Amino acid sequence: MAALAPRLPVIRLYDGRHTAATLGLEARLDIKVVSTQLGHANTRITHDIYTHVRQAVHDDAAERVLTLVQGPGTRRREA
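Residues numbered from 1 in each chain as written. Predicted model: local features only at pLDDT ≥ 70, side-chain atom pairs only at ≥ 80, totals over all residues. Heavy atoms only, no water.

A. Geometry of the pattern of salt bridges. Scanning the model with the defined rule gives 3 salt bridges in all. Measuring nitrogen to oxygen at the nearest pair gives 2.7 Å for the salt bridge that ties arginine 12 to aspartate 15. Of the residues examined, aspartate 15 reaches a relative accessible area of 24% and is grouped as partly exposed. The partner of aspartate 60 in a salt bridge is arginine 64, and the shortest N-O contact between them spans 3.0 Å. One end of the pair is aspartate 60 and the other is arginine 64, both in helix H4 (residues 55-70) and 4 residues apart, which spans about a single turn. The class for aspartate 60 is partly exposed, based on a relative accessible area of 37%. (Salt bridge = Lys/Arg side-chain N within 4 Å of Asp/Glu carboxyl O. Buried < 20%, exposed > 50% of the residue type's maximum accessible area, 1.4 Å probe, protein only. Helix = DSSP H or I, 4+ residues; strand = E, 2+ residues; numbered from the N terminus.)

B. Quick peek at a nonpolar patch on the surface. On the surface, a cluster of nonpolar side chains totalling about 240 Å² of accessible area is made up of Tyr14, Ile45 and Ile49. Considering the arrangement of structural elements, one finds isoleucine 49 in helix H3 (residues 43-50). On the basis of relative accessible area, isoleucine 49 is assigned to the partly exposed category, the value being 37%. (Patch = residues over 30% accessible without salt bridge, like charges linked within 9 Å, V, L, I, M, F, W, Y side chains within 5 Å. Areas by Shrake-Rupley, 256 points an atom, 1.4 Å probe, with all protein chains shown as cover.)

C. Examining the nonpolar core more closely. Core analysis: the largest hydrophobic core is formed by 5 residues, namely Ala21, Leu25, Val34, Leu38 and Tyr50. For this core, the secondary structure elements donating two or more residues are helix H1 (13-26) and helix H2 (31-38). Excluding anything up to four places from it in sequence, alanine 21 contacts Val34, Leu38 and Tyr50. (Core = buried A, V, L, I, M, F, W, Y, C linked by side-chain atoms within 4.5 Å. Contact = heavy atoms within 4.5 Å.)

D. The arrangement of the packing of H2 against H3 in detail. Between H2 and H3, the least distance of the axes is 9 Å, while the angle of their chain directions is 90°. Judged by the inter-axis angle, H2 sits roughly perpendicular to H3. Seen from H2, the contacting residues are Ile31, Lys32, Val34, Ser35 and Leu38; seen from H3, they are Thr43, Thr46, His47 and Tyr50. (Axes fitted to C-alpha atoms, helices over the stretch in contact; angles between N-to-C directions. Parallel < 35°, antiparallel > 145°, perpendicular 65-115°, else oblique.)

If you want it as structure tokens, here you go:
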């Protein structure tokens, strides 16, 4: 019996490229590496087009600032 493949959303090829670039940058790959993979002439093009911030990255940034302000080991107060 063949294993069932997970159902993934159908996206355009361009969307896949955009997602790969954004996730690569979020994973802290060097922008030069991502730029080269995309075939851009320079990293500025990559930066201007492909750097988007997902909600998870915003949340992580907020948690880091909170830790800095409250100090390590301090639990976040729930609203």
